[in-house]
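Letter by letter, the chains look like this.
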Amino acid sequence: MTVEQAATAIKEDGGCVIYPTETVYGLAADALNLESINRVFELKGRSRDNPISFAVPDIETVDEYTRPTDRERAFMRAFLPGPITVVLERRSGAGVPDVLTGGRERVGVRIPDHPIALDLLERVAPLTATSANRSGAGSARRVEEIAPDFRDAVDAILDDGETPGSESTVVDVSTDTIHRRGALANEIEAWLTEE
């Protein structure tokens, strides 16, 4: 399966795709398509009040869907692309569905630092940015670690061997809060303290 075929499956068929990132394997679907988002929740067995982040290819695209402050923008310039999810105020009228955010006004945003993920995002974005696993199960660094029934339920798999790392760090710069410690957590903490 090529990146182009995976993008077509997402864009034209509302499909779900397993894709590699610089952290773990993710599950990509059209983050503005209600049916696709609902399918992600169902595949993962995830509670509807547990929001799903989305991924975009660059900081400029972040502005289309969210309203970052100057400080949040400075943080993104310092750390993205990279293994970080930044929680930002979603832009009203930008089409980010309530189902994605669990009805909240803030949404997690990723810009993964991985060539295949970025290639996919250049072709179709925003995409859901959630790990390719059932909720409660461990994240996968190799496709073989993803449950066979989960792999069988998606429309495409972009296998790039073993991914480098742990889960992303989830940070809300507006409140200096690290919601989940993952990659670069100490560096992020230092930035929040100094800036």
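As shown above, the structure is provided for reference.
The residue count restarts for each chain, going from 1 along the sequence in the order it is written. In keeping with the model being predicted, local features are shown solely for residues with a pLDDT of at least 70 and side-chain atom pairs are shown and tallied solely at 80 or more, while totals for entire chains, interfaces and linings include all residues. Computation of side-chain values covers all heavy atoms of the structure but excludes hydrogens and water.

K.L.:
Just give me the short version of unusual backbone geometry, but keep the residues and values in it.
P.N.:
Across the junction of Leu 80 and Pro 81, the peptide omega takes the value 0°, indicating a cis bond. You can see Pro 81 is positioned in the loop between helix H4 (70–79) and strand S4 (84–89). Here the phi dihedral of Leu 184 falls at roughly 60°; this positive angle occurs in a residue that is not glycine. Along the chain, Leu 184 falls in the loop between strand S9 (177–180) and helix H8 (185–194). Elements are defined by DSSP. Helices are runs of H or I of four residues or more, strands are runs of E of two residues or more, and each kind is numbered from the N terminus.

K.L.:
A description of the side chain of Ser 36 should follow, citing residues and the corresponding values.
P.N.:
Inspection of the secondary structure assignment puts Ser 36 in helix H2 (residues 34–44). Burial here depends on accessible area, computed with a 1.4 Å probe over protein chains only, as a share of the maximum for the residue type. Under 20% is buried, over 50% is exposed, and the range in between is partly exposed. Judged by relative accessible area, Ser 36 falls into the buried class, the value being 1%. Once you skip the residues sitting within four places of it in the chain, Ser 36 turns out to touch Gly 14, Cys 16, Ala 29 and Asp 30. Contact between two residues is taken to exist if any of their heavy atoms lie within 4.5 Å; hydrogens are not considered.

K.L.:
How would you sum up the packing of H4 against H8? Please name residues and give values.
P.N.:
An axis is simply a line fitted to the C-alpha atoms; with a helix, the fit covers only the stretch in contact. Between two such axes, the angle follows the N-to-C directions and lies from 0 to 180 degrees. Taken N-terminus to C-terminus, the directions of H4 and H8 make an angle of 145°; their axes are 12 Å apart at the nearest point. The two elements H4 and H8 cross, and the hand of that crossing is right-handed. Two secondary-structure elements touch here, H4 through Arg 71, Ala 74, Phe 75, Ala 78 and Phe 79 and H8 through Glu 187, Ile 188, Trp 191 and Leu 192. Here the nonpolar group is Ala, Val, Leu, Ile, Met, Phe, Trp, Tyr, Cys and Pro; Asp, Glu, Lys and Arg are the charged ones; every other residue, Gly included, is treated as polar. Along the lines of polarity and charge, the residues of the contact of H4 with H8 split into seven nonpolar, no polar and two charged. Left-handed describes a crossing whose near helix is turned anticlockwise from the far helix through less than a right angle; right-handed describes the clockwise counterpart.

K.L.:
Tell me about the sheet that holds strand S6 (residues 127–131), and please be specific about residues and values.
P.N.:
Backbone-to-backbone hydrogen bonds join strands into a sheet, with any given pair of strands oriented parallel or antiparallel. Strands are treated as partners if at least two bridges between them are detected by DSSP. Strands sit in the order S7-S1-S2-S6-S3-S5-S4-S8-S9 across an open sheet of nine strands; the sheet is mixed. Lying at the two open borders of the sheet, with one neighbouring strand each, are strand S7 (156–157) and S9.

K.L.:
Account for the packing of aromatic side chains, naming residues and giving values.
P.N.:
Side-chain rings of Phe, Tyr and Trp, where Trp is taken by its six-membered ring, are said to pair if the distance between their centres is within 6.5 Å; with planes under 30 degrees apart they count as stacked, over 60 as edge-to-face, and otherwise as tilted. A complete count under the given rule lists three aromatic pairs for this structure. Ring centres 4.7 Å apart and planes at 35° place the aromatic pair Phe 75 and Phe 79 in the tilted group. In this pair, Phe 75 and Phe 79 are both assigned in helix H4, four residues apart and thus about one turn of the helix distant. Overall, the relative accessible area of 12% leaves Phe 79 in the buried class. Through pairs of rings, three or more aromatic residues link up here, namely Phe 75, Phe 79 and Trp 191.

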